[in-house]
Amino acid sequence: MKIAFTTSGNDLDAPLDSRFGRAPKYIVYDLDSGAFDVFDNEKNLNAAQGAGIQAAEAVVRLGVNCVITGHCGPKAFRVLSAAGVKVYCTDASTVSEALDRFRAERIAPLDAADVEGHHA
């Protein structure tokens, strides 16, 4: 299982970013092997619109099974859901803390977006 985390850093101790579409980076963690890769989301940081949709499409292309972030807007949520990618939101301060919560089943997948679009 592959999990995409929103972040601004390059490792598991990096802060979890509260924004999905405008997160600076994504860490894609392989739950089976423990390996991870970092992917840049630079092109969506300053997008006037469509950042969530474009980010969701990019994450889907990475082959992830779920996304863990602080918040997810409605357009990104629709794209992710349509692709079968579950979305989890948490207030964890770091990627590793969010991963620990996921493993302990202390966060549940969303049934709908938890914020309106253009979450700052």
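This text follows the structure it describes.
Residues numbered from 1 in each chain as written. Predicted model: local features only at pLDDT ≥ 70, side-chain atom pairs only at ≥ 80, totals over all residues. Heavy atoms only, no water.

Engineer: Looking at this structure, I do not really get the nonpolar core. What am I missing?
Structural biologist: It is characteristic of soluble globular proteins that their nonpolar side chains tend to be buried jointly. In terms of nonpolar packing, the biggest core is built from 17 residues, with F20, V59, V64, V67, C72 and L80 touching the most fellow members. Elements with a contribution of two residues or more to this core: β2 (25–30), α2 (51–61), α3 (74–82) and β5 (86–89). For V64, the residues in contact, after removing those within four places along its chain, are K2, I3, A4, V28, V59 and V85. Formed by 14 residues, the second largest nonpolar core is a distinct cluster that contains I3, A92, A98 and I107. (Core = buried A, V, L, I, M, F, W, Y, C linked by side-chain atoms within 4.5 Å. Buried < 20%, exposed > 50% of the residue type's maximum accessible area, 1.4 Å probe, protein only. Helix = DSSP H or I, 4+ residues; strand = E, 2+ residues; numbered from the N terminus. Contact = heavy atoms within 4.5 Å.)

Engineer: I tried to follow unusual backbone geometry on my own but got confused; where do I start?
Structural biologist: In terms of backbone geometry, most residues other than glycine have negative phi values and most peptide bonds are trans. Residue E105 is not a glycine yet carries a positive backbone phi of 55°. As for its position among the elements, E105 is in the segment after α4 (95–103).

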